[in-house]
Amino acid sequence: MRHPAIEVTDLHKSFRIPTNRVDSLKERVVRPFSARDYRELHALDGVSFEIDQGEFFGIVGRNGSGKSTLLKLLASIYRPDRGRIRMAGRLAPFIELGVGFNHELTARENVVLNGVMMGLTPNEMRRRLDAVIEFAELEEFAELKLKNYSSGMLVRLAFAVMMEADADVLLIDEVLAVGDAAFQQKCADAFHEMKAAGKTIVLVTHEMSTVEQYCHRAMLIADGRIQQLGDPGEVGREYLRLNFEGGAAAAKVTSGTRDLRLDGLWLENADGERVENVEFGEDILLRGEVEVLQATPGVRIGFTLIDEDGHGIFQFGTGTEEGDPPLEPGDRLAISTRLENPLTSGRYFLHFGAQRHPDPRATVLHVERALGFHVFGGPPSQGVVQLPHESSLSVRERA
Amino acid sequence: MSTPTQTPPAAPELKEVRGPSALGGGPRRFFDLLWLMSATEFKRIYFGTVLGYLWSLIRPLMLFGVLLFVFTRVFKIGSDKVEHYPVMLLLGIVLFTFFQEATTNSVTSVVAQEGVVRKTQFPRLVIPLSTVLTAAFNFCLNLAIVLVFLFAFGVDPSWTWLLFPVVLALLFAFTAGVSMALSVLYVRFRDIAIIWTVVAQVLFYATPILYPINFESDSTYERILMLSPLAAIFEQARVWVLNEAQAPTAVEAAGGWLGLVPAIVIFCAVCVYGVWVFRREAPRVAEEL
């Protein structure tokens, strides 16, 4: 039998973003009836879902998708405009890299205070105090005011408080984004322990690997709505697709005399639909459009494929034919390239370059990272590419 | 979709989550938090400094010393007309220090606790009330000094001292009401901090602290003074603690119960407004910060 731990029904939350903020009394007094301009921002727009007890539930979404708002509503920090949240048991939140500390107080005082905020009695929390400090590995700094803590120490302490608060439901926001390797390992162990103990955990993260590793189910939020809910692997792929939509959004540096303009560069799948991610082994179909701004006899264009760290992998290019008529301003050129895809999973970029032809003296256009895309599903590998190979090992001689 | 392998032994009931509020979360938690926050704040202030608690004594005592000198040596209004002027002055200063400290610290209290407010769910009302309670701890210690002065100046203990807690209760209620309103309004209107320092200064002079209210003095001024609930509270404190024959009670100073009605109305209005505005704003404080 299923026991829901969290039940969210048709949740709405919007914020008023004042276009000119009135925060002084004078303005209120001087212009008491002037309509204050607001822009309504619908952070959450009708979200409904259920999380079972003992479930490890992942929430992913791009920045500004509404996932933090959802978390804050679950944690009772914001009040919903509409809709209902029901929750079973006590809750421990870990939001925006912390559980809410007063930086003027020492670690000990903060730990007790936080425990009480999460619904424990002061005595219960005092009993757990040593365990918290020990988990956070802050024995030497227990009497230090938090304002003197490093950010890593703060996160450790916050995580330790949340762990020891012994809540039924844990809300965790981006904990793995910080901390050194040792602490991350500790978090990972703690996650496994909590999972085994049957705690209900809601984890918000950008790390798809974390979601796939721990979560029973995951939910993708975009523009305040549930985009997808279900298998973590599928949600993860959808998230990646969403995240790299218009991969050209990556930092671009453009140089050259700009006699040409790159109007678009995208990847297509076999059905001719634009895609942002390519599965390992599937051909990469690169399409693009260039507009001619200055007359030229011909152009050559070239691409450099680089990996996430900027290492060049492969160069390829094409150009207008020798006998083609010269190009006039307003002419449009279509780029079409098919590439085999031996790339292993990861993020890749393409630099774009164009030169006059047959007079290749000046670069007319150079766009760095004109396109970014993801390759997924490749075999685990140390390298950047998986080259076709045939190898065998056989016994030549038997003793 | 994989399902969790293990169901937890206990299955707590689903309860509605209503979002933040002024009071929510049960009285137990409220008072635990209130006490804990006040106590840690009190410790923080006085254990973090070299002279510790002495500072909280020195501030009112310095003010007392200066004012006593000015009004007994320079202007000579105190020593002639009032039997126990120094004690009256000290009592007034200690009472007002509590009011001023509590309200001034409350103004920024909610904003100062931003980190906690934005990340944790807890009854928001705890914040201004713990500030008032911290000031009250201070005040209790300062009262010991007043007691020393009472004996030193030969004020006889009287049964009316037993009524002093009534005055304190009224002062606490008024202070809490003002603090609630200020703390939550400051989130939206940052001018409140400046305005309040001025208002507090005015209130200091508009309350019978430096000067006594006497039967024989001009009654129009007194009527105006007695519009302030603080004046009534302070006057009554003087009557009950100092037990002087020439000190009129709050009722007498206001010219009868009818004259005291405005002060009572203002008192109630401030307390009700404080609670009302705090309850109204509390759910959205985290968003406004």
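Residues numbered from 1 in each chain as written. Chains lettered and ligands numbered in written order. Predicted model: local features only at pLDDT ≥ 70, side-chain atom pairs only at ≥ 80, totals over all residues.

**Describing the overall build of chain A**
Inference 1: Across its full length, chain A holds eight helices and 19 strands.
Inference 2: Of all 399 residues assigned to chain A, the portion counted as buried reaches 38%. (Helix = DSSP H or I, 4+ residues; strand = E, 2+ residues; numbered from the N terminus. Buried ≥ 20, exposed ≤ 12 C-beta atoms within 10 Å, placed from the backbone.)

**Here's the deal with the overall build of chain B**
Inference 1: Secondary structure assignment for chain B yields 13 helices and one strand.
Inference 2: If you list the helices and strands of chain B from N to C, you get β-α-α-α-α-α-α-α-α-α-α-α-α-α.
Inference 3: Along the first, second and third principal axes, the C-alpha set of chain B runs to 90 × 45 × 40 Å.
Inference 4: In chain B, which comprises 289 residues, the proportion classed as buried is 42%.
Inference 5: Within chain B, residue pairs in contact and separated by at least 24 positions form 81% of the contacts whose partners lie at least 6 positions apart. (Contact = placed C-beta atoms within 7 Å.)

**Quick word on the packing of helix α1 (residues 27–47) of chain B against helix α6 (residues 126–152) of chain B**
Each pair of packed helices gets described by two things: the angle between the helix axes and the distance between those axes.
Residues and elements named next belong to chain B.
Inference 1: Where α1 meets α6, the closest approach of the two axes is 8 Å, and the angle between their N-to-C directions is 50 degrees. With respect to their mutual orientation, α1 and α6 come out oblique. Handedness of the crossing formed by α1 with α6: right-handed. Between α1 and α6, the residues in contact are Phe30, Leu33, Leu34, Met37, Ser38, Glu41 and Phe42 and Val126, Leu129, Ser130, Leu133, Thr134 and Phe137, respectively.
Inference 2: Its residues assigned to classes, the contact of α1 with α6 shows nine nonpolar, three polar and one charged. (Axes fitted to C-alpha atoms, helices over the stretch in contact; angles between N-to-C directions. Parallel < 35°, antiparallel > 145°, perpendicular 65-115°, else oblique. Left-handed = near helix turned anticlockwise from the far one by under 90°. Nonpolar A, V, L, I, M, F, W, Y, C, P; charged D, E, K, R; others polar.)

**Topic: the interface of chain B and chain A**
Inference 1: In this assembly, 39 residues from chain B lie in contact with 50 residues from chain A.
Inference 2: Elements with a contribution of two residues or more to the side of chain B that touches chain A: β1 (14–17), α1, α5 (114–117) and α13 (285–288) of chain B.
Inference 3: Residue classes in the side of chain B that touches chain A are distributed as 16 nonpolar, 10 polar and 13 charged.
Inference 4: Of the strand pairs in this sheet, strand β4 (residues 82–88) of chain A and β1 of chain B are connected by four bridges, and their pairing is antiparallel. Residue Arg86 of chain A lies in a different strand from β1 of chain B, and its bridge partner there is Glu16 of chain B. (Pairing = 2+ DSSP bridges.)

**What about the domain arrangement of chain A?**
Inference 1: Parsing chain A into structural domains produces domain 1 (4–21 + 37–243) and domain 2 (247–376).
Inference 2: If you average the C-alpha positions of domain 1 of chain A and of domain 2 of chain A, the two centres end up 42 Å apart. (Domains from an automatic or database assignment.)

**Observations concerning the confidence of the model for chain A**
Inference 1: Counting all residues, the mean pLDDT for chain A is 81, and 88% of those residues have values of 70 or more.
Inference 2: The model gives residues 246–251 of chain A a pLDDT under 50, and that stretch makes 11 contacts with residues more than four places away or in other chains. (pLDDT = per-residue confidence, 0-100.)

**Side note on the sheet that holds strand β17 (residues 332–339) of chain A**
Residue and element names in this part refer to chain A.
Inference 1: The strand order β12-β11-β14-β17 describes an open sheet built from four strands, whose pairing is antiparallel. Each end of this open sheet is capped by a strand with a single partner; those strands are β12 (274–275) and β17.
Inference 2: Note: strand β11 (residues 260–268) against β12, two bridges, orientation antiparallel. The residue of β12 that forms the bridge with Glu268 is Arg274.

**A closer look at the sheet that holds strand β7 (residues 200–204) of chain A**
Residue and element names in this part refer to chain A.
Inference 1: The strand order across the open sheet built from six strands is β5-β6-β7-β3-β8-β9, with neighbouring strands paired in mixed fashion. Sheet topology places β5 (91–94) and β9 (225–230) at the edges, where each strand pairs with a single neighbour. Strand-to-strand twist across the sheet, computed as the mean angle between neighbouring axes with direction ignored, equals 15 degrees.

**Notes on the pairing of strand β18 (residues 346–356) of chain A**
All names here are of chain A.
Inference 1: With nine of its 11 residues buried, β18 lies for the most part within the structure.
Inference 2: In this structure, strand β15 (residues 299–307) lies alongside β18, joined through nine bridges in antiparallel fashion. Each residue of the ladder has a partner; that of Val299, found in β18, is Arg356.
Inference 3: By the bridge criterion, nine bridges tie β18 to strand β19 (residues 363–376) in an arrangement that is antiparallel. Counterpart to Phe349 in the pairing with β19 is Gly372.

**Re the environment of Ala5 of chain A**
Inference 1: Mapped onto the elements, Ala5 of chain A comes out in strand β1 (residues 4–18).
Inference 2: The spatial distance from the C-alpha of Ala5 of chain A to the C-alpha of Asp168 of chain A is 8.6 Å, given a sequence separation of 163 residues.

**Notes on unusual backbone geometry**
Inference 1: A positive phi angle, near 60 degrees, is found at Asp166 of chain A, a position not held by glycine.
Inference 2: Relative to the helices and strands, Asp166 of chain A resides in the loop between α5 (151–164) and β6 (169–173).

**Let's talk about the packing of helix α3 (residues 107–117) of chain A against α1 of chain B**
Inference 1: At a minimum axis separation of 9 Å, α3 of chain A and α1 of chain B run at an interaxial angle of 165 degrees. When the axes of α3 of chain A and α1 of chain B are compared, the pair comes out roughly antiparallel. As for the relative orientation of α3 of chain A and α1 of chain B, their crossing is left-handed in sense. Contact with α3 of chain A, carried on its side by Glu109, Val112, Leu113, Val116 and Met117 of chain A, involves Arg29, Asp32, Leu33, Leu36, Met37 and Thr40 of chain B of α1 of chain B and no other residues of that element.
Inference 2: Classifying every residue of the contact of α3 of chain A with α1 of chain B gives seven nonpolar, one polar and three charged.

**Some details on the nonpolar core**
Inference 1: If you look at the biggest cluster of nonpolar residues, it comprises 149 residues, and the most contacted ones within it are Leu74, Met162, Leu171, Val202 and Leu203 of chain A together with Leu95 and Val184 of chain B.
Inference 2: With 15 residues, helix α4 (residues 85–112) of chain B is the largest single contributor of residues to this core.
Inference 3: The contacts of Val202 of chain A, once residues within four sequence positions are left out, are Ile51, Phe57, Ile59, Leu74, Leu171 and Ile172 of chain A. (Core = buried A, V, L, I, M, F, W, Y, C linked by C-beta atoms within 7 Å.)

**Details of the environment of Asn148 of chain A**
All names here are of chain A.
Inference 1: Within the secondary structure, Asn148 sits in the loop between α4 (122–135) and α5.
Inference 2: We classify Asn148 as exposed; it has 10 C-beta atoms within 10 Å.
Inference 3: A sequence separation of 58 residues divides Asn148 from Arg90, and the C-alpha atoms of the two residues are 31 Å apart.

**Some details on the pairing of β15 of chain A**
All names here are of chain A.
Inference 1: Sheet topology note: the β15/strand β16 (residues 312–319) ladder contains seven bridges and is antiparallel. Within the sheet, the bridge partner assigned to Leu305 lies in β16 and is Phe314.
Inference 2: Connecting β15 to the next strand, β16, in antiparallel fashion are four residues, including Gly310 with a positive phi near 90 degrees.

**Examining the confidence of the model for chain B**
All names here are of chain B.
Inference 1: Residues of chain B with pLDDT of at least 70 account for 90%, and the chain-wide mean is 83.
Inference 2: Helix α7 (residues 164–186) holds the highest mean pLDDT among the elements of chain B, 94, whereas helix α3 (residues 78–81) holds the lowest, 60.
Inference 3: Low confidence marks residues 1–9, where pLDDT is under 50. Its contacts with residues over four positions away, or in another chain, come to 18 contacts.
Inference 4: Here the prediction assigns the complex a pTM of 0.71, and the interface score ipTM is 0.76.

**Things to note about the environment of His192 of chain A**
Inference 1: When you line up the elements, His192 of chain A lands in helix α6 (residues 181–196).
Inference 2: C-alpha separation for the pair His192 of chain A and Gln213 of chain A, spaced 21 residues apart in sequence, amounts to 10.0 Å.

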